[in-house]
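# Structure assessment
The residues making up each chain are set out below.
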Amino acid sequence: MLADAGATAIIVGHSERRADHGEGDALIRQKAEAVWRAGATAIVCIGETQAQRDAGQTLDILRGQLAGSLPEGSTAANLIVAYEPVWAIGTGLTPTAKDVEQIHGFIREVLTSRFKTDGAKMRILYGGSVKPSNAAELMAVKNVNGALVGGASLKAADFLAIAKGCP
Ligand SMILES: O=C[C@H](O)COP(=O)(O)O
């Protein structure tokens, strides 16, 4: 249905689906495969909650979500990863650029280890309170290959300003 409406990339695994609809990694992986069958690119969201972050579990959570949510056969052309810390979504809070660099670097390592050259090229988006005032700094971080924008996309001027800050 989404592909029929013209969508070329479809988000799966958003934290609201994981938390409010009980969607686990196995279902998210199946949904990503369904996206491929519709001829579209899957954008798979991963991210830790505030409690998980406070407990020092961020990398373990992300490792598990990557292992469980990304199907075999993922390539740089058919799959995009979106790192969205749950505590940053819609809150106005963001990780520091240094934190984002460390976490995106970790995601890149995991992707490259599993998907080799495709993992090295796969796009990794950052999402969570991206706005005009922080977009350029976040988009300049190594291994940040774009933004997943929520609230700020509802204001054309803000969205345009963010787009101008993207590489
Ligand atoms: O669905 C949108 C993303 O989760 C990011 O939302 P946000 O930019 O409003 O924090």
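Just above sits the structure.
Residues numbered from 1 in each chain as written. Predicted model: local features only at pLDDT ≥ 70, side-chain atom pairs only at ≥ 80, totals over all residues. Heavy atoms only, no water.

Right, let's talk about the side chain of histidine 104 for a bit. Considering the arrangement of structural elements, one finds histidine 104 in helix H5 (residues 97-121). Dropping the residues within four chain positions of it, histidine 104 is found in contact with Tyr83, Ile124, Leu125, Tyr126, Lys142, Asn143 and Val144. (Helix = DSSP H or I, 4+ residues; strand = E, 2+ residues; numbered from the N terminus. Contact = heavy atoms within 4.5 Å.)

Surrounding the ligand, one finds His14, Glu84, Ala88, Ile89, Gly90, Gly128, Ser129, Leu148, Gly150 and Gly151. In the model, an oxygen atom of the ligand is placed 2.7 Å from a nitrogen or oxygen of the glycine 90 main chain. A distance of 2.9 Å is found between an oxygen atom of the ligand and a backbone nitrogen or oxygen belonging to glycine 150. Here the ligand, which alone exposes 300 Å², has 83% of that area covered by the protein. Class assignment of the residues belonging to the shell around the ligand gives a composition of 3 nonpolar, 6 polar and 1 charged. (Near = heavy atom within 4 Å. Polar contact = N/O pair within 3.5 Å; in protein donor to acceptor, adjacent residues only side chain to side chain. Areas by Shrake-Rupley, 256 points an atom, 1.4 Å probe, with all protein chains shown as cover. Nonpolar A, V, L, I, M, F, W, Y, C, P; charged D, E, K, R; others polar.)

Positive phi values are uncommon outside glycine, yet lysine 116 reaches one of about 55 degrees. Relative to the elements of secondary structure, lysine 116 occurs in helix H5. Looking at lysine 116, the relative accessible area reads 51%, which means it is exposed. With a phi close to 60 degrees, serine 129 is a non-glycine residue in the positive phi region. With respect to the secondary-structure elements, serine 129 resides in the loop between strand S4 (124-127) and helix H6 (132-139). (Buried < 20%, exposed > 50% of the residue type's maximum accessible area, 1.4 Å probe, protein only.)

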